[in-house]
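Observations on the three-dimensional arrangement
Now for the letters of each chain:
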Amino acid sequence: MKFLKTLQLHQYFFGFIFLFGYAQSIQGRILVRQTVDFYTFTPEAAIGTFIESCIVFLIITKLLKRFQRSNELDFVAVIKVFALSLLLYLFVANLISAIIALIFNTWDRNFNGNVFLNNNIGNVLDVCIYGGFFIAYFFYQKNKNDTKQLLSYNKALADSKIAQLKMQLNPHFLFNNLNALDQLIEEDQSKASDFLNDFAELYRYVLEVSNEKLVSITEELVFAQSYFRIMQYKLNNGYHLQINAPKEVDGFVAPLALQLLVENAVEHNLGTASHPVNILIEITDQLLVTNNVAIKKKKKTGGGRALQNLSEQYALLTNKPLEIIKTEDSFTVCLPII
């Protein structure tokens, strides 16, 4: 049963081996007999060669497992395996021939000098040819499996890293808004109550997307607008948000990406009623978030971590990097649309 499963699993390779042996038998018969008839195409020689090649494969497999002490197998070990396989196969082949010769009393015919030498030269060539095929196929399969494992490992590592980055963003969102709530409680308890209700609704969204790698741009636009509205409790008319986007937007972004960029513009720039900070979210072939620059005199310590976090997420999610464009008058973050 195990042999049949192996044949089914590697059916194309074993099919190739059988067809190669069949072609080899046809060529040999034509060269020896110098004629082509029905016997030339009978498959019994190919079946015999196939069985012999399977014995070679079994010997090589056992030796490879013995020599492969780690995931690596160096060139010297492969040569040793091949040489030992050749010796073992010659021993097995001659032992089987000897037993058959003794049973059918054909020792003198099968084990005279010329026949013995020719048979063993043929055996050496068969091991070199079919053993070479098998070793090449073995390392092809090994390389394919190693590549799958590496891709799986890299995916798991990327997923873990993204989850870690999100765990940093969620508290960041929470603490910043709790600070805003704390200020409102001192200034206006009514506004603080409204802020708390709106913030609870927003934080529900934060929790919902915390397990997602990507969210739709439409969802993020709605969330960014809602977030900016609750920030207006604290900001008054010093900051304006404008969104230029088509009615239907295809594509995805990292969760909380737009909220983070809006917050970044607010945290690092001082807006007043006479000189407001204008934040523009625009969608072209990518997603642009731009604000005019009005740097606060007292810079926030430890700033830039959230933006770096977002950049790292995009490095894991897509091969298109997040781009930052700074000028004297403006600050723009370009997000690739995924």
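All of these numbers come straight from a predicted model, not from anything done at the bench.

As a further point, take the overall build of the protein. Each helix and strand counted, the protein has ten helices and seven strands in total. Evaluated residue by residue, the protein yields a buried proportion of 36% over its 338 residues. Taking as baseline every contact in the protein between residues at least 6 positions apart, the subset at least 24 positions apart corresponds to 71%. Just so you have it, the protein exposes about 21000 Å², and 60% of that area is on carbon and sulfur atoms.

The feature "transmembrane region" (unreviewed entry), as given by UniProt, occupies residues 12-32, 38-60, 81-104 and 124-140 in the numbering adopted here. Secondary structure within residues 81-104 divides into 100% helix and 0% strand; the distance between the first and last C-alpha atoms comes to 34 Å.

Now for the sheet that holds strand E6 (residues 323-326). With mixed pairing, five strands are arranged side by side in an open sheet as E2-E4-E5-E7-E6. Edge positions in the sheet fall to strand E2 (239-244) and E6, since each has one partner strand and no second. Averaged over neighbouring strand pairs, the angle between their axes works out to 15 degrees when direction is ignored.

So, about the pattern of salt bridges. Enumeration according to the criterion identifies three salt bridges in this entry. With a closest N to O distance of 2.8 Å, Glu44 and Arg29 form a salt bridge. One end of the pair, Glu44, is in helix H3 (residues 44-67); the other, Arg29, is in helix H2 (residues 11-33), and 15 residues separate them in sequence. When its relative accessible area of 41% is taken as the criterion, Glu44 is described as partly exposed. In this structure, Arg33 engages Asp37 in a salt bridge whose closest nitrogen and oxygen atoms are separated by 2.9 Å.

Glancing now at the side chain of Asn291. Relative to the elements of secondary structure, Asn291 occurs in strand E5 (residues 287-292). A residue is classified by how much of its surface remains accessible, and Asn291, at 4% relative accessible area, is buried. What Asn291 contacts, discounting residues up to four positions off in sequence, is Ala265, Asn269, Val277, Asn278, Ile279, Asp329, Ser330 and Phe331.

In this model H2 runs 32 Å from its N-terminal to its C-terminal C-alpha over 23 residues, within 8% of the 33 Å that 1.5 Å per residue would give. Buried within H2 we find Phe13, Phe14, Ile17, Gly21, Ser25, Ile26 and Arg29. Just downstream of H2 lies Gln34, where phi reads positive at about 55 degrees.

All right, on to the packing of helix H8 (residues 217-235) against helix H9 (residues 257-268) then. Here H8 crosses H9 at 30 degrees, and the two axes come no closer than 8 Å. In terms of axis orientation, H8 runs roughly parallel to H9. When you trace H8 past H9, the crossing you get is right-handed. For the pair H8 and H9, the contacting residues are Glu220, Leu221, Phe223, Ala224, Tyr227, Phe228, Met231 and Leu235 in the first and Ala257, Leu258, Gln259, Val262, Glu263 and Val266 in the second. In terms of residue class, the contact of H8 with H9 is built from eleven nonpolar, one polar and two charged.

Now for the nonpolar core. Counting residues in each nonpolar core, the largest one holds 47 residues, and the members touching the most others are Leu258, Leu261, Ile279, Ile281, Leu287, Leu310 and Leu335. Taken together, the elements giving at least two residues each to this core come down to helix H6 (113-187), helix H7 (189-209), H8, H9, strand E4 (277-283), E5, helix H10 (305-317) and strand E7 (330-335). No other element matches the nine residues that H8 contributes to this core. One finds Phe50, Phe57, Val78 and Val81 within the second-largest nonpolar core, a separate group that totals 22 residues.

Moving on, we get to a nonpolar patch on the surface. Taken together, the side chains of Phe91, Leu95, Ile96, Ile99, Ile100, Ile103 and Phe104 make up a nonpolar region of the molecular surface, amounting to roughly 730 Å² of accessible area. Position of Ile96 relative to the elements: it lies in helix H4 (residues 75-104). Residue class for Ile96 comes out partly exposed when judged on its relative accessible area of 39%.

Now for the packing of H2 against H3. Across the interface, H2 lies against H3 with an axial gap of 8 Å and an inter-helix angle of 130 degrees. With respect to H3, the axis of H2 lies oblique. Crossing handedness for the pair H2 and H3: right-handed. In this structure, H2 contributes Phe13, Phe14, Ile17, Phe18, Gly21, Tyr22, Gln24, Ser25 and Arg29 to the contact, and H3 contributes Glu44, Ala45, Ala46, Ile47, Thr49, Phe50, Ser53, Cys54 and Phe57.

Summarising the sheet, E4 and E5 pair through five bridges and their orientation is antiparallel. Within E5, the position partnered with Ile283 by the bridge is Leu287. Linkage of E4 to E5, two consecutive antiparallel strands, is achieved through a turn of three residues. Alignment of E5 against E7, held across six bridges, turns out to be antiparallel. Across the sheet, residue Leu288 finds its bridge partner in E7, namely Cys334.

What counts and how
Residues numbered from 1 in each chain as written. Predicted model: local features only at pLDDT ≥ 70, side-chain atom pairs only at ≥ 80, totals over all residues. Heavy atoms only, no water. Helix = DSSP H or I, 4+ residues; strand = E, 2+ residues; numbered from the N terminus. Buried < 20%, exposed > 50% of the residue type's maximum accessible area, 1.4 Å probe, protein only. Contact = heavy atoms within 4.5 Å. Areas by Shrake-Rupley, 256 points an atom, 1.4 Å probe, with all protein chains shown as cover. UniProt positions renumbered as here; feature names shortened; annotations may be inferred. Pairing = 2+ DSSP bridges. Axes fitted to C-alpha atoms, helices over the stretch in contact; angles between N-to-C directions. Salt bridge = Lys/Arg side-chain N within 4 Å of Asp/Glu carboxyl O. Expected span 1.5 Å × (residues − 1). Parallel < 35°, antiparallel > 145°, perpendicular 65-115°, else oblique. Left-handed = near helix turned anticlockwise from the far one by under 90°. Nonpolar A, V, L, I, M, F, W, Y, C, P; charged D, E, K, R; others polar. Core = buried A, V, L, I, M, F, W, Y, C linked by side-chain atoms within 4.5 Å. Patch = residues over 30% accessible without salt bridge, like charges linked within 9 Å, V, L, I, M, F, W, Y side chains within 5 Å.

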